[in-house]
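# Residue-level structure breakdown
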Amino acid sequence: MSRPYAEVIGDPIAQSKSPLIHGFWLEQAGIDSDYRSHRVAPDALDSYLASRRSDPAWLGCNVTMPHKQAIIPLLGRLEPLARKVGAVNTVTRARDGELVGWNTDVAGFLEPLRPLLTERHYFRMARVLGTGGAARAIVTALTAEGFTIVLAGRNPDKAKAILQELAEEGEGDHHAPPFSHFAEPTDFAFDDREGCCDLVVNASPLGMRGQPPLPFDWSHAPPGSIAYDIVTDPLETPFLGGAKAAGFETIDGLSMLIGQAAAAFEKFFGVPAPRDADAALRERLAP
């Protein structure tokens, strides 16, 4: 039998850091398996799954753009969270051969926020910028943690539909302004009392290498806000640079990437990811 392997699929895929992350953990854990990347064009997704389903060495795959939603009808079943989010970023094969879709983005996104979320707040609000598959996971995660969501996108109707679908069970008066709402300065008088928990999250590709920067003016962030960017290339995005210049705490894209990868690693290889070496892993991932 060939050496067991998992992989990440997407189009493009050359920029993915997942092989470095999983390869590092396989090395640390002494597991004799591989983790690879494989470019899959949108029209080749069905044939890719058919070929992997019959490969006994294949342990599963991570799924990135543009396949997180397109892959759903091609799977045998979805675990409940993936079904709720409506996006899949991890696929495994069950003992009966059925392909199962998971979403580990929710856990990965929340991981660096866990210490904050153990605190009591009388109000939690998140400004989430973007309406793709990652944004769906983020809205699901934050709604479950009691956040009021302000979801901004190029298409406000799409943002409203996401909120109606994913945030209707949560408490709070959710909003869906256009991207342009945050591009110009504001003199809005924010609530500056202690006990507020405010996040500003870039859930879009804007700011990624080769993409224009995210148009966000930091006068729209309440005092004490935390800026969270899921972009990983570059790690120091214009969005995070602007947040730091304005005096805000920041969380970079590696936090979510490593967190979601850890949840997937255990599903692929059957053991927890060796997280005691995260500092060394970040150094390896640094450009």
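This write-up is about the structure you can find in this document. Position numbers for residues start from 1 in each chain and track the written sequence from start to end. Per-residue local features are limited, in this predicted model, to residues with pLDDT of at least 70; the limit for side-chain atom pairs, both in listing and counting, is 80 or more; totals at the level of whole chains, interfaces and linings are taken over all residues. Based on all heavy atoms of the structure, the side-chain values leave hydrogens and waters out of the count.

### Concerning the layout of surface pockets
Definition in use: Using a grid of 1 Å spacing that covers the protein atoms alone, one calls a set of points a cavity when a 1.4 Å probe fits there but cannot get out, and a pocket when the set is open and has protein on both sides within 12 Å along at least five of seven lines; lining residues are those with an atom within 4 Å of a point. Grid points are joined across faces, edges and corners, and a volume is the space filled by probe spheres set on the points. Counting from the N terminus, the helices are DSSP H or I runs at least four residues long and the strands are E runs at least two residues long. We call Asp, Glu, Lys and Arg charged. Ala, Val, Leu, Ile, Met, Phe, Trp, Tyr, Cys and Pro are nonpolar, and the rest, Gly among them, are polar.
As a volume, the largest pocket reaches approximately 860 Å³. Along its surface, the largest pocket is lined by 36 residues, and T64, M65, K68, A134 and I230 are the ones closest to its centre. The set of elements that each furnish at least two residues to the lining of the largest pocket consists of strand 3 (58-63), helix 6 (133-144) and helix 9 (253-269). If one sorts the elements of the lining of the largest pocket by residue count, helix 9 sits on top with 4 residues. Class assignment of the residues belonging to the lining of the largest pocket gives a composition of 13 nonpolar, 18 polar and 5 charged. If you add up the space inside the second largest pocket, you get close to 300 Å³. Elements with a minimum of two residues in the lining of the second largest pocket: strand 7 (123-129) and strand 9 (196-202). The greatest single-element share of the lining of the second largest pocket, amounting to 3 residues, is contributed by strand 7. Residues that form the lining of the second largest pocket fall into these classes: 8 nonpolar, 3 polar and 3 charged.

### Focus: the environment of E236
Let me state the cut-off plainly: Accessible area is worked out with a 1.4 Å probe on protein chains only. A residue is then buried under 20% of its type maximum, exposed over 50%, and partly exposed in between. What makes two residues a contact is simply this: any of their non-hydrogen atoms within 4.5 Å. Pairs of N or O atoms within 3.5 Å make up the polar contacts considered here, provided that, within protein, one atom can donate a hydrogen while the other can accept it, and that residues adjacent in sequence are counted only when both atoms are side-chain atoms.
Here E236 is to be found in the loop between strand 10 (226-229) and helix 8 (238-245). Judged by relative accessible area, E236 falls into the partly exposed class, the value being 42%. Along the primary structure E236 and I149 are separated by 87 residues, whereas in three dimensions their C-alpha atoms are 25 Å apart. Apart from residues no more than four positions distant in its own chain, E236 is found in contact with G241 and K244. From its side chain, E236 meets the backbone nitrogen of G241 in a polar contact 3.5 Å long.

### A few points about the side chain of N62
By secondary structure assignment, the location of N62 is in strand 3. A polar contact is formed between the side chain of N62 and the backbone oxygen of N89, at a distance of 3.3 Å. What N62 contacts, discounting residues up to four positions off in sequence, is E7, V8, I9, H22, Y35, N89, T90, Q260, A264 and F268.

### Section: the sheet that holds strand 1 (residues 5-10)
In plain terms, the rule: Paired strands, in this sense, are two strands between which DSSP finds at least two bridges. Simply put, an axis is a line fit to the C-alpha atoms, just over the touching stretch for a helix, and the angle between two N-to-C directions goes from 0 to 180 degrees.
If you trace the 6 strands from one edge of the open sheet to the other, you get 2-1-3-5-6-4, paired in mixed fashion. Among the strands making up the open sheet, the edge pair consists of strand 2 (34-39) and strand 4 (77-78). As judged from the 3 bridges shared by strand 3 and strand 5 (residues 90-93), these two strands associate in the antiparallel manner. From the neighbouring strand, G60 faces strand 5, where its bridge partner is T92. Against the sheet, helix 1 (residues 18-29) engages strand 1, strand 2 and strand 3, with an angle of about 170° to strand 2. Running at roughly 160° to strand 3, helix 9 makes contact with strand 1, strand 2, strand 3, strand 5 and strand 6 (99-102) of the sheet.

### Some thoughts on the packing of helix 1 against helix 9
Formally: Orientation is classified from the angle alone, with under 35 degrees giving roughly parallel, over 145 giving roughly antiparallel, 65 to 115 giving roughly perpendicular, and any other angle giving oblique. It is the rotation of the near helix from the far one that decides the hand of a crossing: anticlockwise by less than a right angle makes it left-handed, clockwise makes it right-handed.
For the pair helix 1 and helix 9, the least separation of the axes is 10 Å and the interaxial angle reads 55°. As summarised for this structure, helix 1 and helix 9 are arranged oblique, according to the angle between their axes. In terms of crossing hand, the pair formed by helix 1 and helix 9 is right-handed. Each of S18, I21, H22, W25 and L26 in helix 1 lies in contact with helix 9, whose residues at this interface are L257, I258, A261, A262, A264, F265, F268 and F269. Its residues assigned to classes, the contact of helix 1 with helix 9 comprises 11 nonpolar, 2 polar and no charged.

### Topic: the pairing of strand 2
Along any regular strand, the residues point their side chains to alternate faces of the sheet. Basically, it comes down to this: Place the viewer so that the strands point away; then a crossover is right-handed whenever the path from the first strand over the helix to the second strand goes clockwise.
Sheet analysis places strand 1 next to strand 2, joined by 6 bridges and oriented parallel. By the bridge assignment for strand 2, V8 is matched with S37. Handedness of the β-α-β unit built from strand 1, helix 1 and strand 2 comes out right-handed.

### Re the packing of helix 9 against helix 10 (residues 278-285)
Running from N to C, helix 9 and helix 10 cross one another at 120°; their axes reach a closest spacing of 12 Å. Remark: the crossing between helix 9 and helix 10 carries right-handed chirality. On the side of helix 9, the interface is formed by L254, S255 and I258, while helix 10 contributes D278, L281, R282 and L285. Here the contact of helix 9 with helix 10 is built from residues that sort into 4 nonpolar, 1 polar and 2 charged.

What is shown is where atoms sit, not what they do.
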